[in-house]
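Fold and geometry: a report
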Amino acid sequence: MKLPDILSRVKNHLPLSLQFLLEVLSYWRRLCRYNASVRTDRDRQKMQYTLLRENHIIEKGMSMPNPRRGFGQAKVQSLTTRMGRYCELYGSEPDTFLLYILATIRAYIDYQHRDGVDIPDIESAFSQLCAKVGISPGQLSTPAGIEVLRRTDLQQAAAADFQTLLLSRHSIRYFRPELPPRELLERALELAARTPSACNRQAWHTHIYFDEEAHELLRMQGGCKGFCDDIPCCIVVTADMKGFLGHEPFQCFIDGGLYAQNLINALHFVGLGDIPLSCGFFSDQLLPMQRRFQIPENEVMVVIIGTGLMTDNVKVAISTRKPIAATNIYHS
Ligand SMILES: Cc1cc2nc3c(=O)[nH]c(=O)nc-3n(C[C@H](O)[C@H](O)[C@H](O)COP(=O)(O)O)c2cc1C
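Procedures and definitions
- Residues numbered from 1 in each chain as written.
- Predicted model: local features only at pLDDT ≥ 70, side-chain atom pairs only at ≥ 80, totals over all residues.
- Heavy atoms only, no water.
- 1 Å grid on protein atoms, 1.4 Å probe; cavity = no way out; pocket = protein on both sides within 12 Å on 5 of 7 lines; lining within 4 Å.
- Points joined across faces, edges and corners; volume = space filled by probe spheres on them.
- Helix = DSSP H or I, 4+ residues; strand = E, 2+ residues; numbered from the N terminus.
- Nonpolar A, V, L, I, M, F, W, Y, C, P; charged D, E, K, R; others polar.
- Near = heavy atom within 4 Å.
- Polar contact = N/O pair within 3.5 Å; in protein donor to acceptor, adjacent residues only side chain to side chain.
- Areas by Shrake-Rupley, 256 points an atom, 1.4 Å probe, with all protein chains shown as cover.
- Domains from an automatic or database assignment.
- Salt bridge = Lys/Arg side-chain N within 4 Å of Asp/Glu carboxyl O.
- Buried < 20%, exposed > 50% of the residue type's maximum accessible area, 1.4 Å probe, protein only.
- Contact = heavy atoms within 4.5 Å.
- Pairing = 2+ DSSP bridges.
- Axes fitted to C-alpha atoms, helices over the stretch in contact; angles between N-to-C directions.
- Phe/Tyr/Trp six-rings, centres within 6.5 Å; stacked < 30°, edge-to-face > 60°.
- Disulfide = S-S within 2.5 Å.

Counted as a void, the second largest pocket has a volume near 720 Å³. Contributing to the lining of the second largest pocket are 18 residues, with Phe-253, Phe-281, Phe-282, Ser-283 and Leu-286 lying nearest its centre. When residues of the lining of the second largest pocket are traced back to their parent elements, those giving at least two are helix H2 (16-34), helix H12 (283-292) and strand S5 (299-308). Residue composition of the lining of the second largest pocket, by class: 13 nonpolar, three polar and two charged.

The following block contains the structure:
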């Protein structure tokens, strides 16, 4: 009998604290195998996920309020190099993944040209990649890069039907300095409270910060450099570990995540701009944040949502989605 089978047999006879330790060890084993930072390029999916992340950094750069002229060249160079390696390792079939990344690089080149920046090395690496994939740059039709949207159009779409709400929601990085009215925040919180939760325990909490406190929190979060001081309000979504029993050690992240997504949509519905900001960090980064911002240790931080009134026009990253065939499996 293998060790995991033996452990699974004896597990229920152990004290709960040891059962938790086994659970953490089991998760540790999977992390060591499947985390994207571990032997990344030896695994096609890990390479794709990390390339999508690098691709997003370029898209996000183009959607920023005040990007530095000529920004991002080293990152795009590195993306083209890794894309070349990906093609060598896993083939250069022009699938939706490769075409999306190529379309983003082209959008970046066009963006720099409009800004009068010359980037011959990137253009040549891009041409070589296109040749490898067997496509000419003019044939790239995957939506990529950024688009400029009007606040009034976004607000109208959000107040229409569910489909239009979902299709018009974007991560917003352009805010007016005024604080969002509390009545709008509370309407969104009321709507998000309709989120289903395991046994209706509703173990979510929200902590709301404004102005300088919000900026300090966002600086500690680190994922909104270049626009964090423009975000007038942030909502930290947490879930209370006290709400869950021994057999559901990770349920707090699931219930908290479901609630957070509803709050993200509800903020859009009430006409505010909003952006989810990651709390996916090691605890030595999160726990000091929790202490500084008076979030009790029994709560886990799920996500920070930056929110506020939008400026009249906003630039958003197009963030093309995978076709559902790439993410769904029918088991019949
Ligand atoms: C859990 C989570 C964490 C995120 N963290 C950040 C972040 O730190 N900085 C940022 O600019 N965007 C962040 N985003 C926004 C994503 O980049 C964005 O949702 C994604 O590119 C899709 O674009 P869309 O929201 O406009 O549809 C985060 C989104 C989620 C769901």
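The discussion continues.
All right, on to the site of the ligand then. Contacts to the ligand come from 15 residues, most closely from His-56, Lys-60, Ser-171, Gly-223 and Arg-321. At 2.8 Å, a backbone N or O of Gly-223 approaches a nitrogen atom of the ligand. Pro-276 places a main-chain nitrogen or oxygen 3.0 Å from a nitrogen atom of the ligand. Notes on the ligand: free accessible area 620 Å², of which the protein chains cover 71%.

Bringing the domain arrangement of the protein into the picture now. Per the domain assignment, the segments making up the protein are domain 1 (3-34), domain 2 (40-144) and domain 3 (148-316). Computed over C-alpha atoms only, the centres of domain 1 and domain 2 are separated by 41 Å.

Here we come to empty space enclosed by the protein. Under the counting rule described, the total for this entry stands at one cavity of 30 Å³ or more. By volume, the largest cavity is sized at about 40 Å³. Residue lining of the largest cavity: Leu-154, Ser-168, Arg-169, His-170, Ile-172, His-268, Leu-272, Gly-273, Asp-274 and Met-310, and that is the complete set.

Glancing now at the pattern of salt bridges. Counted under the stated rule, the structure contains twelve salt bridges. Notably, a salt bridge pairs Asp-41 with Arg-82, separated by 2.8 Å at the nearest N-O pair. Highlighted residues: Asp-41 in the loop between H2 and helix H3 (44-63) and Arg-82 in helix H4 (residues 73-90), separated in sequence by 41 residues. Here Glu-213 ties to Arg-292 by a salt bridge, and the two come within 3.9 Å at their closest N and O atoms. Linking Glu-213 in helix H10 (residues 211-221) with Arg-292 in helix H12, this pair joins segments that are 79 residues apart in sequence. Residue classification places Glu-213 among the partly exposed residues on the basis of a relative accessible area of 37%. Here the salt bridges do not stand alone but share partners, grouping Asp-41, Glu-54, Arg-82 and Arg-85 into one network.

Here we take up the side chain of Thr-238. Inspection of the secondary structure assignment puts Thr-238 in strand S3 (residues 233-240). Accessibility expressed as a relative area gives 0% for Thr-238, which makes it buried. One polar contact links Thr-238 to Glu-299, side chain to side chain, over a distance of 2.5 Å. Among residues more than four places away in sequence, those in contact with Thr-238 are Ala-203, Trp-204, His-205, His-207, Ile-295, Glu-299, Val-300, Met-301 and Val-302.

Note: strands within a sheet are paired through backbone hydrogen bonds, in either parallel or antiparallel orientation. The antiparallel open sheet is built from four strands, whose spatial order is S2-S3-S5-S4. If you trace the sheet from one side to the other, it starts and ends with strand S2 (204-210) and strand S4 (273-278), each paired once. Averaged over all pairs of adjacent strands, the angle between strand axes in this sheet comes to 25°, irrespective of strand direction. Those strands touched by helix H9 (residues 182-192) are S2, S3 and S5, and its axis lies near 165° from that of S2.

Our focus in this paragraph is the packing of aromatic side chains. Inspection of every chain in the model, using the stated rule, returns seven aromatic pairs. For the pair Phe-71 and Tyr-108, a centre-to-centre distance of 5.8 Å together with 90° between the ring planes defines the contact as edge-to-face. Residue Phe-71 is found in the loop between H3 and H4, and its partner Tyr-108 is found in helix H5 (residues 96-114); the two are separated by 37 residues along the sequence. Here Phe-71 falls in the buried class, since its relative accessible area comes to 10%. The class for Tyr-108 is buried, based on a relative accessible area of 0%. Between Tyr-86 and Tyr-90 the ring centres are 5.5 Å apart and the planes differ by 50°, which places this aromatic pair in the tilted class. Within this pair, Tyr-86 and its partner Tyr-90 are both found in helix H4, separated by four residues, close to a single helical turn. In this structure Tyr-86 comes out as buried when scored by relative accessible area, which is 0%. A residue is classified by how much of its surface remains accessible, and Tyr-90, at 22% relative accessible area, is partly exposed. One aromatic cluster is present, built from ring pairs that chain together Phe-71, Tyr-108 and Tyr-111.

Here the focus is the state of the cysteines. Applying the stated criterion across every chain, the model contains zero disulfides. Cys-228 takes part in no disulfide bond, and the closest cysteine sulfur, belonging to Cys-224, lies 4.7 Å away. What makes Cys-228 buried here is its relative accessible area of 9%. Free of any disulfide, Cys-234 has its nearest neighbouring cysteine sulfur in Cys-233, separated by 6.5 Å.

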